[in-house]
Each structure stands twice: as C-alpha cells, then as structure tokens.
Amino acid sequence: MSMSNRLSGGILAGLALASASLVFAQETRFDPHRSISINFPQDSPILSLATDVDRESRATPRGGAMVIDLHMALSLRNASSEHIRGVTLLVTTQEVTPGGKASVAVPSLNVAPGQVFPVRIDLRLLRPLQAGGGPLVQVSLDGVLFDSFHFYGPNRLNSRRSMTVWEMEAERDRRHFKSILGAAGPEGLRREMLDSLARQAERPRIDVRVSRGGRAVSSAGAPERVARFAFLKMPDAPVEAVDGWAEVAGNEARTPTIEVRNRSGRPVRYVEIGWIVKDQQGREFLAGSVPAAESDIFLPPGQTGRVLQDTALSFSHNASEPVSIQSMTGFVSQVEYSDNTVWIPNRAVLQLSGLLRVVAPSPEEQRLSDLYRTKGLSVLVEELKKF
C-alpha cells in the first residue's frame, strides 16, 4: 500500500552518504522517546497515536557527520470527517545538510474517519555532528489528500500535485477493473489481472544517470548529433507538444528542450512530458520525463512555452550495458491547471497508443494486482466493491 523513501519531485530517491574513507565510530541505538519528534499541526486531520522504532535503527558517527538508519512504524488516526486517499510525511535531521531531508509518500489509501492506519518509514539520513541538541529526527506533515481532492498541508514538496495524480490514476484504473468485472465477471477480471502482472514483469526497464550540464564520461568520443523528438498524439490533452530536440552522443542526451502549446481555455502552470528512448535493436524504454517535478511554468490559453532541462542523461540496461539512442518519442503525461486541478491520459488512450506496455503501472494497479496475487480473486472483488 505504501510507497516510501521518495524525495520531492517524484517522489523518493537515494540519499548521499558519507565517503567510505571516513572513520567508523561507535554505533548508537535510538532512544525513541528522545531521538524522534513527531510534529503535526494542532489542526492536523491526522493524529499520531504510537511510534514503534525497530531495533535496527541506529546513529553512527562517521567523520564530521552522523549517519542515521531509521526503521520505524507510525500508527496514525484519521481525525477528519472525510476519507483519506494519500499522505506525505517530511522526515528531516537538518534541512540545510545534503542528505538531511527525505519524504515518505503513501498513495492508494482508503482510510475512513476515525480509522487507524500504519505508515512505515525506512530511511538513511545524514546529520552534522556539531548540530545542536534536541531530537535527531523530526517527522512532519507535508500533505493529506482526501477523496474529495481537498488538500491539507504546507505542500513544501509539491505533494499535492503528486498525490492528486496518483488518486486520479487510481480512480481511472479502478473504473477499468470494475468495468471488466461487470462485463466479463470474475473470470474476466482474473484474465485482466494476469495480463497486468505479465505486463509488469515484462516491462522494459532502463537505468538513467542524470548530471547537471556538462557531458558524461560514458559518451566521450561518441559522435554528437541533434536528435528531434517524435510525439504521440493525445487527443484530449489540454497541452500539445509541438517540437523538441536534444543533443545526442552514444547513450547520452544533453539539454532536452520541448516546446508546448496550451490548447485549452484555462491557464496551465505545470506540464510533464514522458520520454521514450528506442535503442539500435528497436527496444523501447521509458526514460523519464521533462521537466523535472519541481519545475513550474505559466502558460495562458493559446500560448506556447518551452520546457528546458540543463542536464545530461545517460542510459544503460542492467546497470552496465549502454543503451545507444536511436530515436526519442515524447507524450504529454500530466498537466496541472492554475486552480490545482490535474489532467492525465485515460486508459483507452494508453492502450491504443501502446504506452500501457511501456509506462509504469499506477500505484493502485500495482496494489490491486498484488492483492490478487497474494490473496486471490475473491478478496480483489470485495476490495473493488469498497469504492
């Protein structure tokens, strides 16, 4: 149910650790009563009831920093009058320290008013040894999304956008599976779940290394060319990608640039373009998205804008096999209007365009297919009836 250890923008990425050359010092186990502070606002719609810190949690001095391995479970209660669909927590040791801040996002929830639910936290963080007193770790609330799409929280990590997209995807995919159940019965749903599990197992994966500007070592000596994006047509998308290019050398693409036009009647403040890379063997991989999750634009109706990343991206398969870029295809994957509402592609478009076999399944499709795999068809059917 949970999706944790995701940093802002997309939520949850790896944290920088101290160099291996730093001197190892005595490990210190947590005192959960003094080492961790749960800091929710007084008017928070969720309350913290209990904190269970695993024995594996510890703080280890290394050089001038403290490496904190945090493994714990929070017991939270929905204190609001609405069903909760998603929660994002901010976990910090010291915000100005690299590696001192992370987040835990939990999508695909269905927590009724008064209901208690768990949130698991497994993180590695850094904290300067010279930091002042007080708790080693602070846990605060970045956002709560309700079934009405009402949002509560400071939204420092853009969690409102992320959780809104996840819940819209969840509603879309639940409608799909419920329609299969209604039209073809339980056996039809079973076939659809088996197809989903097969797609997840067979979906081609690629490793992407991102560096700011410059040129990656992996592409040194490779001939350089300007490659243009092709774009999949998304008939109901409010924004259209009209042109795009990147400097390509071997398995590296630098400074991807995409021009987009707002063809809706409403101002747009965020556009995300999915990016598919095809290699020399004709294999297609979902390479990522442009822009980065923290990038915002303002695009009035009818206006054209440019999405630009000053980055170099190198692609490899199985962590070590370079993926030589033959061609690139883009598609509009999400749009946020200035009023916080969001557009995502519908399931039929994903199916007809072939994107369904390339893009990652939504957190909700992963949850439902895992529920079928572990607990069986009858449990899945009952779960779908709850919505």
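Quick caveat: nothing in here was measured; it's all calculated off a predicted structure.

Let's hear about the pattern of salt bridges: which residues, and what values?
Applying the stated rule across the entire model yields 30 salt bridges. Between Asp-173 and Arg-347 there is a salt bridge, with its nearest N and O atoms 3.0 Å apart. Of this pair, Asp-173 sits in helix α2 (residues 159-202) while Arg-347 sits in helix α3 (residues 347-353), and the two are 174 residues apart along the sequence. Arg-347 shares its class with Asp-173; the two are buried. Glu-364 serves as the salt-bridge partner of Arg-367, at 2.9 Å between the closest nitrogen and oxygen.

Can you tell me about unusual backbone geometry, naming the residues and giving the values?
Positive phi, close to 50°, is recorded for Thr-255, a residue that is not glycine. You can see Thr-255 is positioned in strand β14 (residues 252-262). Phi at Asn-340 is positive, roughly 80°, even though this residue is not glycine. The exposure class assigned to Asn-340 is partly exposed, which follows from its relative accessible area of 23%.

I'd like a rundown of a nonpolar patch on the surface, residues and numbers included.
Residues Leu-47, Leu-49 and Val-116 make up a contiguous nonpolar surface patch of about 230 Å² in total accessible area. Tracing the sequence through the fold places Leu-49 in strand β3 (residues 46-53). Accessibility expressed as a relative area gives 47% for Leu-49, which makes it partly exposed.

I'd love a proper account of the side chain of Asp-142, names of residues and values included.
Following the sequence through the fold, Asp-142 ends up in strand β9 (residues 137-146). Setting aside its immediate chain neighbours within four residues, Asp-142 contacts Thr-88, Leu-89, Leu-90, Phe-151, Tyr-152, Gly-153, Pro-154, Asn-155, Arg-156, Leu-157, Asn-158 and Ser-159.

So what's going on with the confidence of the model for the chain? Which residues, and what values?
Across the chain, the average pLDDT comes to 87, with 87% of residues at 70 or higher. Ranking the elements of the chain by mean pLDDT puts strand β1 (residues 28-29) last, at 60, and strand β10 (residues 151-152) first, at 98. Note that residues 4-25 has pLDDT below 50 and, in this model, 54 contacts with residues that lie over four places away or in other chains.

Pulling in residues and values, what's your account of the nonpolar core?
In terms of nonpolar packing, the biggest core is built from 40 residues, with Ile-258, Val-260, Trp-275, Phe-315 and Met-328 touching the most fellow members. The set of elements that each furnish at least two residues to this core consists of β12 (224-231), β13 (239-249), β14, β15 (268-279), β16 (284-290), β18 (311-317), β20 (325-337) and α3. Once you skip the residues sitting within four places of it in the chain, Met-328 turns out to touch Ala-227, Arg-228, Phe-229, Ala-230, Ala-246, Val-248, Trp-275 and Ile-276. Listed in part, the 32 residues of the second largest apolar core include Ala-59, Phe-117, Leu-136 and Tyr-152.

So what's going on with the environment of Val-381? Residues and values would help.
Within the secondary structure, Val-381 sits in helix α5 (residues 377-385). With relative accessibility at 12%, the residue Val-381 sits in the buried group. Taking the C-alpha atoms as reference points, Val-381 and Leu-368, 13 residues apart in sequence, are found 9.8 Å from one another.

Lay out the pairing of β9 in plain terms, naming residues and giving numbers.
The element β9 is extensively covered by neighbouring structure, given that 9 of its 10 residues are classed as buried. For strand β2 (residues 36-39) and β9, the ladder comprises 4 bridges, and the chain directions are parallel. Across the sheet, Ile-38 pairs through a bridge with Val-139, a residue of β9. Across 8 bridges, the pairing between strand β6 (residues 84-92) and β9 is antiparallel. Across the sheet, residue Val-87 finds its bridge partner in β9, namely Val-144. Sheet topology note: the β9/β10 ladder contains 2 bridges and is antiparallel. In the sheet register, Leu-145 faces β10, and the bridge partner there is Phe-151. In this antiparallel pair of consecutive strands, β9 and β10, the connection spans 4 residues, and Phe-149 shows a positive phi of 70°.

Calculation criteria
- Per chain, residues are indexed from 1 in the order of the written sequence.
- Note on the predicted model: pLDDT of at least 70 is required for a residue's local features to be given, and 80 or more for side-chain atom pairs to be given and counted; whole-chain, interface and lining totals, by contrast, use all residues.
- Side-chain figures throughout are based on the complete set of non-hydrogen atoms in the structure, without hydrogens or water.
- In what follows, salt bridge is the name for a side-chain nitrogen of Lys or Arg lying within 4 Å of a carboxyl oxygen of Asp or Glu.
- The numbering of helices and of strands both runs from the N terminus, where a helix is a DSSP run of H or I of at least 4 residues and a strand a run of E of at least 2.
- Remark: exposure states derive from per-residue accessible area (1.4 Å probe, protein chains only) relative to the maximum for the residue type, with buried under 20%, exposed over 50%, and partly exposed in between.
- A patch is a set of surface residues, each over 30% in relative accessible area and not in a salt bridge, joined within 9 Å for like charges and within 5 Å for the nonpolar side chains Val, Leu, Ile, Met, Phe, Trp and Tyr.
- To be clear on the numbers: accessible area is Shrake-Rupley with a 1.4 Å probe, and residue cover counts the displayed protein chains and nothing else.
- The contact rule is simple, with two residues in contact once any of their heavy atoms fall within 4.5 Å.
- Think of pLDDT as the predictor's per-residue confidence, scored from 0 to 100.
- In these notes, a set of buried Ala, Val, Leu, Ile, Met, Phe, Trp, Tyr and Cys residues joined through side-chain atoms within 4.5 Å is what counts as a nonpolar core.
- Pairing between two strands is assigned when DSSP locates at least 2 bridges connecting them.

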